Amino acid sequence: LKSKSKKIISFWKDISESLIANNVFSNDSYKHFMEWISAFNCCKIRVVRLCTTFFICSLFESLANSISWRKGELEKNQQNSKAKQNHQQNSLFEQEISLYLSVANDLYKNLLIVRIRDIDDKIRNLIISSLTNAMIICDVEFLDEQKLKYVGRALNDTSSVNRLDAIKFCEKIVLHVITES
């Protein structure tokens with residue numbers, strides 16, 4: 001698995017983007033799929049937890065990307081003058097943003113936070129990395145005290161690699177906040 005992590009990340013990223021593109025979040029199939037992911041997320045076998053963590057992080061970041069892109073398109077549409085066509089498109093974007101935020105918050109509350117205290121250093125680091133990326137991609141929605149708290153806690157991680165990465169993640173967040181303001 002060590003040498004295959006890039007392929008696993010790519011695989012789960014493709015799955016995540018496919019879920020978003022096909023708008024399956026309100027289907028029963030998706031709910032059933034997420035029940036399985038939740039079960040695998042709590043599995044005692046580390047490799048299974050690691051694989052589901054790749055997926056959860058990938059989906060979380062893909063949702064952040066989609067929310068950010070839709071918000072940008074919504075702003076562009078609001079500046080244009082084609083009122084009727086833009087109104088329908090804006091309404092669709094607002095619905096999708098709301099749905100994606102709901103799914104992302106469910107992932108955060110029910111799956112990401114569970115793994116933040118995992119025994120496996122790599123899993124903890126993946127979660128913190130994903131939270132950091134989401135905060136940078138879509139800061140309005142994800143950059144808050146609750147999520148920053150977990151990045152801050154990573155500074156006290158038992159793994160020296162994770163502590164070093166936590167410093168880098170904090171630096172990325174600070175640089176993002178400085179450049180955005």
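Model, not experiment: these values are computed from the prediction.

**Student:** So what's going on with the nonpolar core? Residues and values would help.
**Tutor:** In terms of nonpolar packing, the biggest core is built from 47 residues, with F25, F60, L63, L107, L131 and F142 touching the most fellow members. Of all elements in the fold, only α1 (5–21), α2 (28–41), α3 (46–79), α4 (83–115), α5 (121–137), α7 (145–153) and α8 (160–180) reach the threshold of two or more residues within this core. Setting aside residues no more than four positions away along its own chain, F25 makes contact with L19, I20, Y30, L59, L63, L99, Y100 and V103.

**Student:** Can you explain the side chain of N77? Please cite residues and give values.
**Tutor:** By the secondary structure assignment, N77 is in helix α3. With residues up to four places along the chain from it excluded, the contact list for N77 reads N86, Q89, N90 and F93.

**Student:** Kindly report on the packing of aromatic side chains, identifying the contributing residues and their values.
**Tutor:** Within the structure shown, the criterion is met by nine aromatic pairs. Between F11 and W12, the aromatic rings sit 5.0 Å apart at their centres with planes inclined by 70°, giving edge-to-face as the arrangement. Residue class for F11 comes out partly exposed when judged on its relative accessible area of 46%. Ring centres 4.8 Å apart and planes at 55° place the aromatic pair W12 and F55 in the tilted group. Note that W12 is positioned in helix α1 and F55 in helix α3, a separation of 43 residues in sequence.

Criteria and thresholds
- Residues numbered from 1 in each chain as written.
- Predicted model: local features only at pLDDT ≥ 70, side-chain atom pairs only at ≥ 80, totals over all residues.
- Heavy atoms only, no water.
- Core = buried A, V, L, I, M, F, W, Y, C linked by side-chain atoms within 4.5 Å.
- Buried < 20%, exposed > 50% of the residue type's maximum accessible area, 1.4 Å probe, protein only.
- Helix = DSSP H or I, 4+ residues; strand = E, 2+ residues; numbered from the N terminus.
- Contact = heavy atoms within 4.5 Å.
- Phe/Tyr/Trp six-rings, centres within 6.5 Å; stacked < 30°, edge-to-face > 60°.

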